[in-house]
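A closer look at the structure
Okay, here's what each chain looks like letter by letter:
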Amino acid sequence: MVDSSSKSKAKPLSRRTIFKMGLATGIAVPMSAFGQPPARMRPQPGDQLVFEEGPHQDQLVRADLLELEQKPVSAMARDPQTKVLRDGSRLNRVMITRIDTEKMTARYQGNAAEGVIAYSAVCTHTGCDVINWDAGELNMACPCHESQFDIYDGGKVVGGPAPRPLAMLPLEVVDGVITVAAEFRGRVGFTQQF
Ligand code: FES
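Structure report, in brief. Bear in mind that the values here come from a model prediction, so they are computed numbers and not experimental data.

Turning to the overall build of the chain, a few remarks are in order. Counting secondary structure elements, the chain contains 2 helices and 10 strands. Across the chain, helices and strands are ordered from the amino to the carboxyl terminus as α-α-β-β-β-β-β-β-β-β-β-β. In the chain, 54% of the contacts between residues at least 6 apart in sequence involve partners at least 24 apart.

Okay, here's the thing in structure tokens:
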């Protein structure tokens with residue numbers, strides 16, 4: 001016989017229980033299930049990119065606002081419905097520039113939108129912001145220990161101690177605006193080395 005009273009007294013699952021269930025079953029639990037504030041959520045498909053710095057600060061990103069192979073500038077994702085800027089975590093920051101897509105390694109070309117590409121700003125070594133630029137080699141560079149990342153080859157490490165490529169954010173163009181097409185490819189952040 002079914003004990004209906006136990007049903008009616010069922011408590012909502014706690015965050016810890018949901019997390020354990022995910023570990024036990026191997027099924028990924030969406031971050032939103034934890035009630036994570038929207039501003040802290042990683043860029044979501046459909047989000048629009050907004051310039052965080054430079055002459056177009058706070059404007060929506062459009063391809064014609066970026067020079068070809070210019071020094072990357074930082075940008076954040078914004079939910080177009082709620083207008084929430086996902087600036088609640090530095091792991092959400094991306095560096096964007098515009099490239100000649102034909103010159104890019106074929107497997108990454110689909111992540112570009114009218115030549116605009118976006119990489120995580122967080123170095124995979126010990127987490128500094130990758131804000132420097134080698135205009136001669138077209139590499140993003142980390143100021144802390146001089147790791148270098150090839151923007152034409154999926155953020156591949158081409159110098160320094162970083163252990164893996166920068167995560168790449170796939171983009172598309174929607175109504176002329178650079179928009180997030182999918183979640184980050186690759187792990188965002190770093191693994192402590194010491
Ligand atoms: Fe970037 Fe060390 S944190 S190279």
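Moving on from the coordinates now.
It is worth spelling out the layout of surface pockets at this point. If you roll a probe as big as a water molecule over the atoms, it shows you where there is empty space left. Considered as a void within the structure, the second largest pocket measures approximately 170 Å³ in volume. A per-class count over the lining of the second largest pocket returns 5 nonpolar, 3 polar and 4 charged.

Turning our attention to the sheet that holds strand β7 (residues 148-150). Taken in spatial order, the 4 strands of this open sheet run β5-β6-β7-β8, and their pairing is antiparallel. Of all strands in the sheet, those bounded by a partner on one side alone are β5 (132-134) and β8 (156-159). Strand-to-strand, the axes of this sheet are offset by a mean angle of 35°, without reference to chain direction. Both strand β6 (residues 139-141) and β7 contribute to a ladder of 3 bridges, which runs antiparallel. The residue of β7 that forms the bridge with N139 is D150.

Turning next to the side chain of S147. Position of S147 among the secondary structure elements: in the loop between β6 and β7. Discounting chain neighbours no more than four positions away, the residues touching S147 are C123, M140, A141, C142, G159, G160, P161 and A162.

Once that is clear, we can look at the environment of P161. Residue position: P161 is located in the loop between β8 and β9 (171-174). Assessed through its relative accessible area of 37%, P161 is described here as partly exposed. C-alpha separation for the pair P161 and T126, spaced 35 residues apart in sequence, amounts to 9.5 Å. Ignoring sequence-local partners within four residues, the contact set of P161 consists of H125, H145 and S147.

Right, let's talk about the nonpolar core for a bit. Grouped together as the largest cluster of nonpolar side chains are 21 residues, with contacts concentrated most on M104, I117, Y119, V130, M140, F149 and I151. L49, V61, A118 and L171 belong to the second-largest nonpolar core, a separate cluster that totals 20 residues.

Calculation notes
- Residues numbered from 1 in each chain as written.
- Predicted model: local features only at pLDDT ≥ 70, side-chain atom pairs only at ≥ 80, totals over all residues.
- Heavy atoms only, no water.
- Helix = DSSP H or I, 4+ residues; strand = E, 2+ residues; numbered from the N terminus.
- Contact = heavy atoms within 4.5 Å.
- 1 Å grid on protein atoms, 1.4 Å probe; cavity = no way out; pocket = protein on both sides within 12 Å on 5 of 7 lines; lining within 4 Å.
- Points joined across faces, edges and corners; volume = space filled by probe spheres on them.
- Nonpolar A, V, L, I, M, F, W, Y, C, P; charged D, E, K, R; others polar.
- Pairing = 2+ DSSP bridges.
- Axes fitted to C-alpha atoms, helices over the stretch in contact; angles between N-to-C directions.
- Buried < 20%, exposed > 50% of the residue type's maximum accessible area, 1.4 Å probe, protein only.
- Core = buried A, V, L, I, M, F, W, Y, C linked by side-chain atoms within 4.5 Å.

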